[in-house]
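Residue strings, one per chain:
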Number of protein chains: 2
Amino acid sequence: MIRARYLILFTFVICSTFSWSQEDKTAFFIKDIYNYTLENGQCDQWLSYLSDTIGGRLTGSKNATKAVDYTFSELEKIPIVDRAWQQACMVPKWERGDKEIVKVEYKNKDNQLFTEELASLALGNTIGSGPNGVRGQIVEVFGLDTLDKLGRENIEGKIVFYNRPMNPQRINTGHAYGEAVDQRVHGASRASKYGAKGSLIRSVTTLNDDLPHTGVQTYAADIKPIPSLAISTNDANKLSALLKETTVSAFIKNNSQMKDSVISHNVIAEIKGSEFPDEIILVGGHLDSWDVGGGAHDDGAGCVHAMQVIATLNALRYKPKRTIRCVLFMNEENGLGGGKAYAKASNANGEFHLAAIESDSGGFTPRGFACSAHPDVFKPFLSNLQKFDEFLDPYDLYLKAGGGGADIGPLKSQKGLLIGFKPDGQRYFDFHHTSADVFENVNVRELRLGAAAITSLIYLIDQNGL
Amino acid sequence: MIRARYLILFTFVICSTFSWSQEDKTAFFIKDIYNYTLENGQCDQWLSYLSDTIGGRLTGSKNATKAVDYTFSELEKIPIVDRAWQQACMVPKWERGDKEIVKVEYKNKDNQLFTEELASLALGNTIGSGPNGVRGQIVEVFGLDTLDKLGRENIEGKIVFYNRPMNPQRINTGHAYGEAVDQRVHGASRASKYGAKGSLIRSVTTLNDDLPHTGVQTYAADIKPIPSLAISTNDANKLSALLKETTVSAFIKNNSQMKDSVISHNVIAEIKGSEFPDEIILVGGHLDSWDVGGGAHDDGAGCVHAMQVIATLNALRYKPKRTIRCVLFMNEENGLGGGKAYAKASNANGEFHLAAIESDSGGFTPRGFACSAHPDVFKPFLSNLQKFDEFLDPYDLYLKAGGGGADIGPLKSQKGLLIGFKPDGQRYFDFHHTSADVFENVNVRELRLGAAAITSLIYLIDQNGL
């Protein structure tokens, strides 16, 4: 407190001596944002509650409802918030069921049968195997293309094992994830097309360890659903080596099931703009997570980043020119029900989102922001981005083309700027969709720096437009 | 292997079709450096051995000798190395002794005596308290200046408690460390000047936790040495609160001692340059660490970064134009014996270090490099740095003014460029000089990225000079 008072005094003395340029004021306010967030940020306390106290927040689960209620009550009580509400959305309700079982079975040279259980997780939206499980010979492939080449004669009645790793040579781990994840999302459908009984996926991570990574998979409309599970990278490596020596069968048992859709909610808190209330600047993350772990980096961090923006603007007594809206989306992981419902309601209300920033890449040290927009408007946006550099550069932050976010994607037709927050991505896929995505693996300084970076960009857009 | 073969084939086909510019070749080789290091780097195995198997490597200790022998034998066997040697240097031999004890003693309102032990570590080079310990009333100060203001009448016979925290508002944690560390380095001497019996230092970290952080302290020539220990930030906060309520005494007992200096060694491995053998490019870290923890980030990471440079150039069959020398310095932490001996021998041999790169900021995601040089030559260097940008930019690496390294500092008179490797610094001081600085807290991808970044800069300097 003493230091804050000195700062105000110092500011007063300085202000009465010099006349401050707009640039100086802007830089000074951003420093205030950083100072407040680094020293007094509460995002880590919120994240601890979301991740440790509530835990995994699978769409449609009781924990997801608890997270809605908790974040709503936290946001509602921040004085600067003019309006907070819960926005209903229909979402799928998938349940993992009992602990899934994946066993490999093979015979050694002396014709003895060996059985070994692998570390596995059912993928989101998968069906169950039925009470007797599914058993079949394993066919290893390294992508959807190689599966196509094998065709029905090599696949029918078997279990497909997708084993193309995330490319460790990629510096941008997000790109490496993008290259590998088609196996997880579409693998089961494609295998079923050729008559496979089930599919196993190498976990999508560059790390070699024993943690299976879940994540969404989808069934194409015209195929028979088959069970789809991920195994750890260590087990994938061992299985691959074994397949070079002998024939291996897999036994899969899980009772995952998709239930009827249910109503859930996005959580929204808004500060009304004083000059341009119809220009909305959205900041958001997604409230749902996978059921394993605590959804700390994915995407508790994004939610508390967005909440911290509101808390920081409140603490600094900022009066935004534009409407600033914190949106915690439901169901990003396995359906995007919240994002779609939000855009639909927004369009129906004739709203315009000047900018929407999503944080959904973890709570790591910020590197910058990447943006995209409807082709009609992107060029003029791009030619103007450099005006932000002066204020972002001192914090080692870039703002460049090439990003957005899943939840804000449906807002594209409103022709505003869609922005993805980009923290350092080297550790993200160590935790992503695993039981290790817990608060303990989040560094508080890095988390707070992320919130400060996002708040700064929102402040700059609010002050100057795009 | 299959992929490597395809790559060579692809390269061959491309090369026979196009003619490649020098820029293309340079960019391609840097990509090779990254690919090799990310996929096949062995720096993490070396680091695991140094940190987990050998452990803390206090200067003068048996572990330090083991580390010399291990890294020497690992470097010696890399085929590209023309010469490897151990360079003798005199170093101090300080010993922590038995587990140190810091207790606080105070009376409550009912005059009952309470005693509580704090989490503490003797600071490097401190003397012991003597077998009976040292007891005195605690005087809290927030820096050397406030101590001076209190003067002898308030300090004599007491124990000074330095409690100025690292400023959490600083984005650059290295700068915040620099601002706070004078208390640790000079605190005991300054307190002794006013007759204090001992000094306690708030651990130099932004984290509030129970881990004490050790680190070097030095005695001024003309003062009576007194015991100097660090306490954890949690305990510092509790003690500070207690001091607002009542008088508190401390009891300090440690039997640390400085023994006679001993001979130790720097470890050096060299690849002779083919065109300019007299222009040396040095890459190094320091082999010694504190005795608590495993010296993983500080500075096992820097050592294995430097070793990886040699291993990667070997794997890529690179023939350097200039002499590339990997130097693992001894005794950075409490004396700089290795760095001084290296520079002295180098000067005696009439050597010239065109550039020296030190990695001593941990094994985190690389951000770039910061450099300095003798004033006579720095300006011309600075005006040329931009030529590196084209190749470093794609890897999000900067090269800017303002850095160097403790061990390479004594080379300044040779008028080459001194360069500090700058990884992300947000987590460094969570582990720095503590029992938590172990291999488990190093991320392998981040470590390898650091080695790739350093190798790339060395390659660029080797190719083009400065």
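Rules used throughout
- Residues numbered from 1 in each chain as written.
- Chains lettered and ligands numbered in written order.
- Predicted model: local features only at pLDDT ≥ 70, side-chain atom pairs only at ≥ 80, totals over all residues.
- Helix = DSSP H or I, 4+ residues; strand = E, 2+ residues; numbered from the N terminus.
- Rg over C-alpha atoms; globule rule 2.2 N^0.38 Å.
- Buried ≥ 20, exposed ≤ 12 C-beta atoms within 10 Å, placed from the backbone.
- Pairing = 2+ DSSP bridges.
- Axes fitted to C-alpha atoms, helices over the stretch in contact; angles between N-to-C directions.
- Contact = placed C-beta atoms within 7 Å.
- Expected span 1.5 Å × (residues − 1).
- Arc of directions from axis to C-beta.
- Nonpolar A, V, L, I, M, F, W, Y, C, P; charged D, E, K, R; others polar.
- Core = buried A, V, L, I, M, F, W, Y, C linked by C-beta atoms within 7 Å.
- Domains from an automatic or database assignment.
- Least-squares fit on C-alpha atoms with pLDDT ≥ 70 in both.
- Parallel < 35°, antiparallel > 145°, perpendicular 65-115°, else oblique.
- Left-handed = near helix turned anticlockwise from the far one by under 90°.
- pLDDT = per-residue confidence, 0-100.

*Asks:* Before we go on, may I ask you to explain the overall build of chain A in this structure?
*Replies:* When helices and strands are counted, chain A shows 14 helices and 16 strands. Since a compact globule built from 466 residues should have a radius of gyration of about 23 Å, the 24 Å found for chain A is in line with a globular shape. Dimensions of chain A, computed from C-alpha atoms along their principal axes, come out at roughly 90 × 45 × 40 Å. Per-residue burial for chain A yields a buried fraction of 53% across its 466 residues.

*Asks:* What is the right way to look at the sheet that holds strand S6 (residues 159–162) of chain A in this model?
*Replies:* Residue and element names in this part refer to chain A. Across the sheet, which stays open at both edges, the eight strands sit in the order S3-S2-S9-S5-S6-S7-S8-S4 with mixed pairing between neighbours. Because the sheet does not close on itself, it has two edges, and the strands there are strand S3 (113–118) and strand S4 (120–122). Sheet twist, expressed as the average angle between the axes of neighbouring strands with direction ignored, equals 30 degrees. Across the face of the sheet, helix H7 (residues 182–193) comes into contact with S6, strand S7 (198–202) and strand S8 (228–231) while running at roughly 155 degrees to S7.

*Asks:* Would you mind showing me how to read helix H8 (residues 233–245) of chain A here?
*Replies:* Residues and elements named next belong to chain A. The terminal C-alpha atoms of H8 lie 19 Å apart, and with 13 residues this matches the ideal 18 Å at 1.5 Å per residue to within 8%. The complete set of buried residues in H8 reads Thr 233, Asp 235, Ala 236 and Leu 239. Viewed end-on, H8 has its buried residues packed into an arc of 150 degrees, placing them on one side of the element. Along H8, exposed side chains directed more than 90 degrees from the buried face belong to Ala 241, Lys 244 and Glu 245. On its buried face, H8 sits against strand S2 (101–107), S3, S6, S7, S8 and strand S9 (248–253).

*Asks:* Would you mind showing me how to read the interface of chain A and chain B here?
*Replies:* When the parts of a complex come together, some accessible area is lost, and that lost area is often used as the size of the interface. Across the contact, 19 residues belong to chain A and 19 residues belong to chain B. Looking at the side of chain A that touches chain B element by element, the count peaks at four residues for helix H2 (residues 22–40) of chain A. Split by residue class, the side of chain A that touches chain B holds six nonpolar, six polar and seven charged.

*Asks:* Which parts of the structure should I look at to understand unusual backbone geometry?
*Replies:* Excluding glycine, residues mostly carry a negative phi; peptide bonds, for their part, are mostly trans. In this model, Asp 298 of chain A is joined to Asp 299 of chain A through a cis peptide bond whose omega is 5 degrees. If you trace the backbone, Asp 299 of chain A turns up in helix H9 (residues 296–315). Its identity is not glycine, yet Asn 111 of chain A carries a phi of approximately 65 degrees, on the positive side. Among the secondary structure elements, Asn 111 of chain A is positioned in the loop between S2 and S3. Since 6 C-beta atoms lie within 10 Å of it, Asn 111 of chain A is described here as exposed. Here the phi dihedral of His 433 of chain B falls at roughly 65 degrees; this positive angle occurs in a residue that is not glycine. Topologically, His 433 of chain B is positioned in the loop between helix H13 (428–431) and helix H14 (444–464).

*Asks:* Can you walk me through the nonpolar core in this structure?
*Replies:* In this structure, Leu 47, Val 160, Met 307, Ile 310, Cys 326, Ile 357 and Ile 458 of chain A are the most contacted members of the largest nonpolar core, which totals 113 residues. Looking at this core, the element that brings in the most residues is helix H14 (residues 444–464) of chain A, giving 12 residues. Both domains that meet at this core, namely domain 1 (15–93 + 260–464) and domain 2 (97–255) of chain A, each give it at least three residues. Excluding residues that lie within four positions of it along the chain, Met 307 of chain A makes contacts with Cys 43, Trp 46, Thr 71, Glu 74, Leu 75 and Cys 326 of chain A. If you look at the next biggest cluster of nonpolar residues, it comprises 112 residues, including Ile 33, Val 81, Ala 236 and Val 283 of chain B.

*Asks:* Please clarify how the relation of the copies chain A and chain B should be interpreted in this entry.
*Replies:* These two copies of the chain differ by a rotation about an axis and a displacement along the same axis. Under the fitted operation, chain A is carried onto chain B by 0.0 Å of movement along the axis and a turn of 180 degrees, and the coordinates agree to an RMSD of 0.0 Å. Here the copies are linked by what is in effect a two-fold axis. Looking at chain A, 100% of its interface residues are interface residues in chain B too, so the copies touch through the same face.

*Asks:* What is the right way to look at the pairing of S7 of chain A in this model?
*Replies:* Strand residues, when the strand is regular, have side chains that alternate between the two faces of the sheet. Residues and elements named next belong to chain A. In terms of burial, S7 is a largely internal element, five of the five residues being buried. Where burial is concerned, the two faces of S7 agree: the one with Gly 198, Leu 200 and Arg 202 and the one with Ser 199 and Ile 201 are both buried. Where S6 meets S7, four bridges bridge the pair, whose relative direction is parallel. Bridge pairing in S7 places Tyr 162 opposite Ile 201. The pairing of S7 with S8 spans four bridges and is parallel. What sits directly across from Ile 201, in S8, is Ala 230.

*Asks:* I would appreciate a short explanation of helix H5 (residues 144–155) of chain A in the present structure.
*Replies:* In an α-helix, one full turn covers 3.6 residues, which means residues spaced three or four apart are oriented alike. End to end, H5 of chain A covers just 12 Å across 12 residues, shorter than the expected 16 Å (1.5 Å per residue, more than 12% under). In the segment just after H5 of chain A, Gly 157 of chain A is the residue with positive phi, at about 80 degrees.

*Asks:* Can you walk me through the packing of helix H3 (residues 43–54) of chain B against helix H9 (residues 296–315) of chain B in this structure?
*Replies:* Packed helix pairs are specified by the crossing angle of their axes together with the interaxial distance, meaning the distance between the axes. Residues and elements named next belong to chain B. With their axes 9 Å apart at the nearest point, H3 and H9 run at an angle of 140 degrees to one another. Classified by the angle between their axes, H3 and H9 sit oblique to one another. Here H3 and H9 pass one another in a crossing that is right-handed. Here H3 contributes Cys 43, Trp 46, Leu 47, Leu 50 and Ser 51 to the contact with H9, which in turn contributes Ala 296, Gly 300, Ala 301, Cys 303, Val 304, His 305, Met 307 and Gln 308. Residue composition of the contact of H3 with H9, by class: nine nonpolar, four polar and no charged.

*Asks:* Would you take a moment to explain the sheet that holds strand S15 (residues 398–401) of chain B for this structure?
*Replies:* The strands that make up a sheet are held in pairs by hydrogen bonds between backbone atoms, and each pair lies either parallel or antiparallel. Residues and elements named next belong to chain B. Here eight strands make up an open sheet; going across it, the order is S1-S10-S12-S11-S13-S16-S14-S15 and the pairing mixed. In the strand order of this sheet, the two ends are held by strand S1 (83–95) and S15, each with one partner. Neighbour to neighbour, the strand axes of the sheet diverge by 20 degrees on average, direction disregarded.

*Asks:* Please clarify how the packing of H9 of chain A against H14 of chain A should be interpreted in this entry.
*Replies:* All names here are of chain A. The geometry of H9 relative to H14 is characterised by a closest axis approach of 9 Å and an angle of 55 degrees between their N-to-C directions. Accordingly, the angle class assigned to the pair H9 and H14 is oblique. For the element pair H9 and H14, the recorded crossing hand is right-handed. Counted together, Ala 301, His 305, Gln 308, Val 309, Thr 312 and Leu 313 of H9 and Leu 447, Gly 450, Ala 451, Ile 454, Thr 455 and Ile 458 of H14 form the full contact between these two elements. A breakdown of the residues in the contact of H9 with H14 according to their chemical character gives seven nonpolar, five polar and no charged.

*Asks:* I would appreciate a short explanation of the pairing of strand S2 (residues 101–107) of chain B in the present structure.
*Replies:* All names here are of chain B. Across six bridges, S2 lies against strand S9 (residues 248–253) in antiparallel orientation. Note that in S9 the partner of Val 102 across the bridge is Ile 252. Here six bridges tie S2 to strand S3 (residues 113–118), and the two strands are oriented antiparallel to one another. Of the residues in S3, the one forming a bridge with Lys 107 is Leu 113.

*Asks:* Just to check I follow, could you spell out the domain arrangement of chain A for this structure?
*Replies:* Residues and elements named next belong to chain A. The domains assigned to chain A are domain 1 (15–93 + 260–464) and domain 2 (97–255). Of note, the centres of domain 1 and domain 2, computed from C-alpha atoms alone, are 35 Å apart. Across the contact, 14 residues belong to domain 1 and 17 residues belong to domain 2. Here the side of domain 1 that touches domain 2 is built from residues that sort into five nonpolar, seven polar and two charged.

*Asks:* Explain the confidence of the model for chain A to me, please; I cannot follow it from the model alone.
*Replies:* Should the pLDDT be low somewhere, the predicted coordinates at that spot are not to be read in detail. All names here are of chain A. Mean pLDDT over chain A works out to 95, with 96% of the residues at or above the 70 mark. Contacts of residues 1–16 to residues separated by more than four positions or lying in other chains number one contact, the stretch itself having pLDDT below 50. With pTM at 0.91, the complex prediction returns an ipTM value of 0.88.

*Asks:* Please clarify how the environment of Ala 406 of chain A should be interpreted in this entry.
*Replies:* Residues and elements named next belong to chain A. Note that Ala 406 resides in the loop between strand S15 (398–401) and strand S16 (417–423). In this structure the C-alpha to C-alpha distance between Ala 406 and Thr 214, which are 192 residues apart in sequence, comes to 18 Å. Excluding residues that lie within four positions of it along the chain, Ala 406 makes contacts with Glu 332, Leu 336, Gly 339 and Asp 360.

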